[in-house]
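# Chains, contacts and geometry: an overview
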Amino acid sequence: MADIILGIESSCDDTSAAVIRDGVLLSNVIASQQVHKDFGGVVPELASRAHEQNIVPVVSQALDKAGVKPEELTAIAFTRGPGLLGSLLVGTSFAKALSLSLDIPMVMVNHLQGHILANFIRQPDKPVTEPSFPYLCLLVSGGNSQIVKVASPLEYEILGQTIDDAVGEAFDKCSKMLGLGYPGGPVIDRLAKLGDPDRFHFAKPNIPGLDYSFSGIKTSLLYFVRDEMAKDPHFLENNKEDLCASFQKTLIDILMGKLIRAAKETRIREITIGGGVSANSGLRERIVSEGKKRGWKTYLPEFKFTTDNAAMIAVAGWFRYKAGERTPLDVAPVSRLADY
Ligand code: KG4
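No experiment lies behind these values; they were computed from the predicted model shown.

About the criteria used
- Residues numbered from 1 in each chain as written.
- Predicted model: local features only at pLDDT ≥ 70, side-chain atom pairs only at ≥ 80, totals over all residues.
- Heavy atoms only, no water.
- Pairing = 2+ DSSP bridges.
- Helix = DSSP H or I, 4+ residues; strand = E, 2+ residues; numbered from the N terminus.
- Axes fitted to C-alpha atoms, helices over the stretch in contact; angles between N-to-C directions.
- Contact = heavy atoms within 4.5 Å.
- Near = heavy atom within 4 Å.
- Polar contact = N/O pair within 3.5 Å; in protein donor to acceptor, adjacent residues only side chain to side chain.
- Areas by Shrake-Rupley, 256 points an atom, 1.4 Å probe, with all protein chains shown as cover.
- Domains from an automatic or database assignment.
- Core = buried A, V, L, I, M, F, W, Y, C linked by side-chain atoms within 4.5 Å.
- Buried < 20%, exposed > 50% of the residue type's maximum accessible area, 1.4 Å probe, protein only.
- Patch = residues over 30% accessible without salt bridge, like charges linked within 9 Å, V, L, I, M, F, W, Y side chains within 5 Å.
- Salt bridge = Lys/Arg side-chain N within 4 Å of Asp/Glu carboxyl O.
- Buried area = accessible area lost by both parts, 1.4 Å probe.
- Nonpolar A, V, L, I, M, F, W, Y, C, P; charged D, E, K, R; others polar.
- Left-handed = near helix turned anticlockwise from the far one by under 90°.

A word on the sheet that holds strand β6 (residues 135-140). Strand order in the open sheet formed by five strands is β8-β7-β6-β9-β10, and the pairing between neighbours is mixed. A single partner strand is all that each edge strand has here, and the edge strands are β8 (155-161) and β10 (297-299). Averaged over all pairs of adjacent strands, the angle between strand axes in this sheet comes to 25 degrees, irrespective of strand direction. The sheet contact formed by β6 and strand β7 (residues 145-152) spans six bridges and is antiparallel. Within β7, the position partnered with Cys-137 by the bridge is Val-148. With respect to the sheet, helix α7 (residues 235-266) is in contact with β6, β7, β8 and β9 (270-274), its orientation differing from that of β6 by roughly 160 degrees.

What follows deals with the sheet that holds strand β1 (residues 4-9). In spatial order, the strands read β3-β2-β1-β4-β5; together these five strands make up an open sheet with mixed pairing. Looking along the sheet, the strands with just one partner apiece sit at the ends: β3 (24-32) and β5 (106-110). Recorded for the sheet is a direction-independent mean angle of 20 degrees between the axes of neighbouring strands. As judged from the eight bridges shared by strand β2 (residues 14-21) and β3, these two strands associate in the antiparallel manner.

Our focus in this paragraph is the site of the ligand. Within the structure, the ligand sits among 20 residues, and Gly-142, Asp-172, Asp-189, Gly-276 and Asn-280 are positioned closest to it. One of the backbone nitrogen or oxygen atoms of Gly-143 is found 3.4 Å away from an oxygen atom of the ligand. Gly-168 has a polar backbone atom sitting 3.2 Å from an oxygen atom of the ligand. When isolated, the ligand has an accessible area of 550 Å², and the protein chains bury 85% of it. Among the elements of the structure, α3 (111-116), α4 (167-177) and α5 (184-192) are those that each provide at least two residues to the shell around the ligand. No other element matches α5, which puts four residues into the shell around the ligand. Both domains that furnish three or more residues to the shell around the ligand are identified here as domain 1 (4-121 + 305-322) and domain 2 (135-300).

Turning next to the nonpolar core. Counting residues in hydrophobic clusters, the biggest one holds 44 residues, and the most contacted among them are Leu-138, Leu-243 and Leu-283. Every element with two or more residues in this core is listed here: β6, α4, α5, α6 (215-231), α7, β9 and α8 (281-294). A per-element tally of this core places α7 first, with 15 residues. Grouped together as the second largest cluster of nonpolar side chains are 31 residues, Val-109, Met-312, Ile-313 and Ala-316 included.

On the surface, a nonpolar cluster with roughly 260 Å² of combined accessible area is contributed by Met-177, Leu-222 and Tyr-223. Structurally, the position occupied by Tyr-223 is in helix α6.

What follows covers the domain arrangement of the protein. How big an interface is tends to be expressed through the accessible area that disappears when the partners come together. The assigned domain composition of the protein is domain 1 (4-121 + 305-322) and domain 2 (135-300). Here domain 1 and domain 2 have C-alpha centroids that lie 28 Å from each other. Counting from both sides, the interface comprises 13 residues of domain 1 and, opposite them, 22 residues of domain 2. Looking only at domain 1, the three residues that lose the most surface to domain 2 are Ile-116, Asn-119 and Thr-306, adding up to 40% of its buried area. On inspection of domain 1 and its partner domain 2, the count reaches zero salt bridges. Summed over the shared surface of domain 1 and domain 2, the number is two residue pairs in polar contact (both at pLDDT 80 or more). When contributions to the side of domain 1 that touches domain 2 are tallied by element, the ones reaching two or more residues are α3 and α9 (310-322). Sort the elements by how many residues they give to the side of domain 1 that touches domain 2 and α3 lands first, with four residues. Residues belonging to the side of domain 1 that touches domain 2 are distributed by class as follows: six nonpolar, six polar and one charged.

At a minimum axis distance of 10 Å, the contact between α7 and α8 shows a crossing angle of 35 degrees. At the point where α7 passes α8, the crossing takes the right-handed sense. Residue-level inspection shows Gln-248, Ile-252, Asp-253, Leu-255, Met-256, Leu-259, Ile-260 and Lys-264 of α7 in contact with α8, the latter providing Gly-282, Leu-283, Arg-286, Ile-287, Glu-290 and Arg-294. When grouped by side-chain class, the residues that make up the contact of α7 with α8 number seven nonpolar, two polar and five charged.

Attention now moves to the pattern of salt bridges. Under the counting rule described, the total for this entry stands at 18 salt bridges. As a salt-bridge pair, Asp-165 and Lys-173 come within 3.5 Å of each other at their nearest N and O atoms. Here Asp-253 and Lys-204 are joined by a salt bridge, their closest N and O atoms 3.4 Å apart. Placement of the pair is Asp-253 in helix α7 and Lys-204 in the loop between α5 and α6, with a sequence separation of 49 residues.

For α5, the tally of buried residues reaches seven of nine residues, placing the bulk of the element in the interior. Buried residues of α5: Gly-184, Gly-185, Val-187, Ile-188, Asp-189, Leu-191 and Ala-192, and no others. The secondary structure elements touched by the buried residues of α5 are α4, α7 and α8.

Dropping the structure here:
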């Protein structure tokens, strides 16, 4: 009999539900919350309230679109963490209630594993492009920047990670500083395409090993803009594109420097990216071009699977379900998960 898995994702500000049958995606519904726009970031209290309103219609829609009745489900995969606790509680509690009422098991998923396995979302009528194990994943989002060695769908080793800000935070904070709004990544990405990436230079951190640091570059940009504005009050508006292009290039250089080193040290040439920042067009181009130069096989998740979605949770949960994992009903969500 086929395994039909319902995935539920509610870790931050997207309420999402997806259905997969034997790993093939049947539906993936995402309700993105607009209530945070005026606040320059996600407001946790508003996020949990919106999840509470969205969860039932989103799950119903996902089942309808998939043409699957609730009684046909094999298991429910849900995000246990990391994320905003109030948001996670909504998805977790919903998963428990449905699991109880349908008398089917539930399987908890680490949200980050979802991003790392995003290339395993199979779609009907699309060729399968999946990395072989072991592979390296550059996991880059608003909360994380890591290089992860993935030995199997259940075995992860963090080779390096940020010691302070995540790269997505650097995009967001600098965008705010430049008056470009939130979230910063997509705006900077768009403006960077119009600018000269070699016009300005920002200090790069010198961190040992495979770890990252992104807090210094923020300060570097802040002081640079402040000094230039003192000379020319129109500096920012006249140089927005070049600033974005140069800033984005610096972030990509930093990310790629350590990734190249990790690939050399581990001799792994299967390379993937995941997380919100993996939507960045400059980063995607660089991964592909470096890959060609270095004999890597590179795998980029489709844009729609770079941001938070339940399809990746369903897939990650399916791997766990097949391995025999089941999550008890007294499970609690956690805002931080120490490791994988
Ligand atoms: O994975 P994600 O949706 O949420 C979590 O952090 O869990 O990532 C959100 C981050 C934000 O910092 C946003 O600015 C960034 O992803 N982002 C981008 C792009 N699109 C989203 N960063 C750079 N370029 C983009 N095109």
